[in-house]
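Results of the structural survey
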Amino acid sequence: MKKLTLLFATAALASCGSEPTTTVTTSDGKSVELTQNGQSEATIKAEDGTTATFSTGAAAAKDLPLGIPAYPGAAVTANISGNRPDGKGGAMVTMTTSDAPDKVTTFYKAEAAKRGMTTRSEEKAVGNMASFSAENDSGENLVATATPGGDGKTQVMLVIETK
């Protein structure tokens, strides 16, 4: 419930004209810092150094973990990323493109190979949905899922895990 409350607080902070940084004390007495980074990005930082950033639009396409790029020409709709003090972290990125799902996963398969990642699975399902996952020797992961949408656009979701 605390995480849900923080998510709503962050969304409210990002959508209003309040102070750029607000400190919130949770019911267990811990403090988190909420920072508005412009109109389309907000960051939560906990006392232990854990951070989470929520971004939309152009801000969501920058600084993806492992140097993974946004799909060329895609409209990035959201990026939720985070890092723990031990260096582990990752991101979930959503975007849309007019390209076919298999073209999207082929692109990310090549990007994974450039980063020394090995394919773990590759699927094509009913309705032309395609997914791809890869992992490197350090245990970092990339999962790309591309699903045709009813509007003629392909919905893309990336999940990137760093160690």
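A quick note: this is a predicted structure, and the numbers were derived from the prediction, not measured.

1. Concerning the pairing of strand β8 (residues 130-135)
For β8, a buried count of five out of six residues is recorded, marking the element as mostly surrounded by other parts of the structure. Sheet analysis places strand β7 (residues 118-124) next to β8, joined by six bridges and oriented antiparallel. Within β8, the position partnered with Glu123 by the bridge is Ser131. Two successive antiparallel strands, β7 and β8, enclose a turn made up of five residues, where Gly127 displays a positive phi of approximately 80°.

2. Re helix α2 (residues 101-114)
Its 14 residues place the ends of α2 20 Å apart at the C-alpha level, agreeing with the 20 Å of an ideal helix rising 1.5 Å per residue. Here α2 has its buried residues at Pro101, Val104, Thr105, Tyr108, Glu111 and Ala112. Buried residues of α2, seen end-on, are gathered within an arc of 115° and therefore sit on one face of the element. What points out from α2, more than 90 degrees from its buried face, is the exposed set Thr106, Ala113 and Lys114. Contacts from the buried residues of α2 go to β6 (89-97), β8, β9 (141-148) and β10 (154-162). The positive-phi residue at the C-terminal boundary of α2 is Gly116, with phi of around 75°.

3. Side note on the sheet that holds β8
Taking strand neighbours across the sheet as the criterion, the ten strands line up as β1-β2-β3-β4-β5-β6-β10-β9-β8-β7 in an open arrangement whose pairing is antiparallel. Of all the strands in the sheet, the pair left with one neighbour each is β1 (21-25) and β7. In this sheet, neighbouring strand axes are inclined to one another by 10° on average, regardless of whether the strands run parallel or antiparallel. Pairing of β1 with strand β2 (residues 31-36) involves five bridges; the strand directions are antiparallel. Across the sheet, Thr25 pairs through a bridge with Ser31, a residue of β2. In the packing of α2 onto the sheet, contacts are made with β6, β7, β8, β9 and β10, and the angle to β8 comes to roughly 10°.

Criteria and cut-off values
Residues numbered from 1 in each chain as written. Predicted model: local features only at pLDDT ≥ 70, side-chain atom pairs only at ≥ 80, totals over all residues. Heavy atoms only, no water. Buried < 20%, exposed > 50% of the residue type's maximum accessible area, 1.4 Å probe, protein only. Helix = DSSP H or I, 4+ residues; strand = E, 2+ residues; numbered from the N terminus. Pairing = 2+ DSSP bridges. Expected span 1.5 Å × (residues − 1). Arc of directions from axis to C-beta. Contact = heavy atoms within 4.5 Å. Axes fitted to C-alpha atoms, helices over the stretch in contact; angles between N-to-C directions.

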